[in-house]
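Overview (structure and organization)
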Amino acid sequence: MTQPLTPAPLRRPRDGRTRPQPARIAVIGGGANDEHSVSLASAAAVARAVRELELIPVPLTVTAEGSWCDDAGRPLPAHEVVQQLTACDVAFPVLHGVNGEDGTVAGFLQLCGVPDAGSPVRAGALGMDKQATKHLAAELGIGVAPGMLAPTRDAALAAGAVPQTARDLEPPFVVKPANGGSSNGVFVVPDRAGLADAIEGARDFGEPVLIEQYVRGREIDIAVFRDRTGELRVGATLEIGVVPGGVFDRAEKYDGSAEFTVPAPLDEPEEAALQQAATQLYDALGCRGVARFDFFHTAAGLVLNEVNTAPGMTEQSQVPRMYAARGLSYPGLIAELIAAALAAD
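The sections below set out a description of the structure shown in this document. (Residues numbered from 1 in each chain as written. Predicted model: local features only at pLDDT ≥ 70, side-chain atom pairs only at ≥ 80, totals over all residues. Heavy atoms only, no water.)

1. Describing the overall build of the chain
Cut-off, in case you're wondering: Only runs of H or I of at least four residues qualify as helices and only runs of E of at least two qualify as strands under DSSP, and these elements are numbered from the N terminus. Relative accessibility thresholds used throughout: buried, under 20% of the residue-type maximum; exposed, over 50%; partly exposed, between the two (1.4 Å probe, protein chains only). Two residues form a contact once any of their heavy atoms are found within 4.5 Å. Here the accessible surface of atoms and residues is derived via Shrake-Rupley with a 1.4 Å probe, and residues count as covered only by protein chains that are part of the display.
Summing up its helical and strand segments, the chain has ten helices and 18 strands in all. Looking at the 345 residues of the chain, the share that counts as buried comes to 52%. Residue pairs at least 24 apart in sequence account for 67% of intrachain contacts in the chain once pairs closer than 6 positions are excluded. Element-wise, carbon and sulfur atoms account for 53% of the exposed surface of the chain, whose accessible area totals about 15,000 Å².

Structure below.
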């Protein structure tokens, strides 16, 4: 985990000269979703690290309306976006949420022929779909919370009705968009009486809506990436402190008030179980780049919470903290992800 990094990746210019030049890295942030500002912070941090590595960042932003612009805020038509991307050696997308993390940008980059430091289409799409991820995890023998999908708004039941199949679940419940992120639209519901309102509230953040039994346990996260040699590099475990209301919400994720313990206090068998579950999921989903796996550690064993194939990437985000605890600095982590993308090209 702590082996030294080789020098930052270099490329030779396309004009045939032999003097190596720094690689150009397209750093893509923003996004047309409710995680836009979070993604901008991640992209700014990645761009700083790219400069520190003496590489050349090419910042590109997807606006909240879905258009593209450059670092100066100048709107870019589609053909100019493609020109800028194809002039880069690697794209480093840090788009969180729908229209980005869900495989959308990965497919675009693949069609452009640009190596990508993130996960491919399939992994992004499956990882973003919490219900699909749960089915995959269950097939691997990894614990998941009992749950079900609520009807869509178009097929909504009469006002105040509770989906009949939710009768098979025991309260309290967690209600959340199946394709959401940053804890947006997540509600903890103590009893059945509040279920219909919570479903309606979650629908405002996206559909379909997932209803799960509330899981009581320690929330412990772990990250994985495959390096340039093909080795899986697992970060230190990170435990999230108990939060009011039982939900690690958006405010606590990004206002600096969250309490993290890195590494999480676990014995060797517990640590090994987390690493095994995370690496199994990483490979089964077909991830590339770095992915974060969030679990509940319960008396009955591990229960998967969710998978993030495009996790937060500011210097203070969870994933960089996990690798810092392994001796890998933030710029070093970015260098490894860039090098892995170049090696896979």
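Additional details are given in the paragraphs that follow.
2. With respect to the pattern of salt bridges
This is how it is decided: The salt bridge definition used is simple: a Lys or Arg side-chain nitrogen within 4 Å of an Asp or Glu carboxyl oxygen.
If you walk through the whole model with that rule in mind, you get 16 salt bridges. A salt bridge links Arg203 to Glu207; the shortest N-O distance between them is 3.2 Å. The partly exposed category is assigned to Glu207, whose relative accessible area is 33%. As a salt-bridge pair, Arg228 and Glu336 come within 3.3 Å of each other at their nearest N and O atoms. Residue Arg228 is located in the loop between strand E13 (218–226) and strand E14 (232–234), and its partner Glu336 is located in helix H10 (residues 330–344); the two are separated by 108 residues in the primary sequence. Among the charged side chains, a network of salt bridges with common partners joins Asp227, Arg228, Arg233 and Glu336.

3. Digging into the nonpolar core
For clarity, the cut-off: The nonpolar core is taken to be a set of buried Ala, Val, Leu, Ile, Met, Phe, Trp, Tyr and Cys residues, with the residues joined through side-chain atoms within 4.5 Å.
Grouped together as the largest cluster of nonpolar side chains are 54 residues, with contacts concentrated most on Ile25, Val46, Phe92, Phe293, Phe295, Met313 and Ile334. For this core, the element with the highest residue contribution is H10, accounting for seven residues. In terms of nonpolar packing, the next biggest core, distinct from the first, is built from 16 residues, Ala26, Leu60, Ala91 and Leu95 among them.

4. Notes on the sheet that holds strand E12 (residues 209–213)
The cut-off we apply is this: In this description, strands pair whenever DSSP reports at least two bridges between them. A fitted line through C-alpha atoms serves as each axis, taken over the contacting stretch for helices, and the angle formed by two N-to-C directions is quoted from 0 to 180°.
Strand order in the open sheet made by the four strands is E9-E12-E10-E11, with antiparallel pairing throughout. Where the open sheet ends on each side, the last strands, each with one partner, are strand E9 (147–149) and strand E11 (187–189). Along the sheet, successive strands turn relative to each other by an average axial angle of 20 degrees, direction set aside. Of the strand pairs in this sheet, strand E10 (residues 173–177) and E11 are connected by three bridges, and their pairing is antiparallel. From the neighbouring strand, Val175 faces E11, where its bridge partner is Phe187. Lying over the sheet, helix H5 (residues 130–139) contacts E9, E10 and E12, oriented at roughly 45 degrees with respect to E12. The strands touched by helix H6 (residues 195–203) are E10, E11 and E12; relative to E10, the strand with the most contacts, the crossing angle is about 25 degrees.

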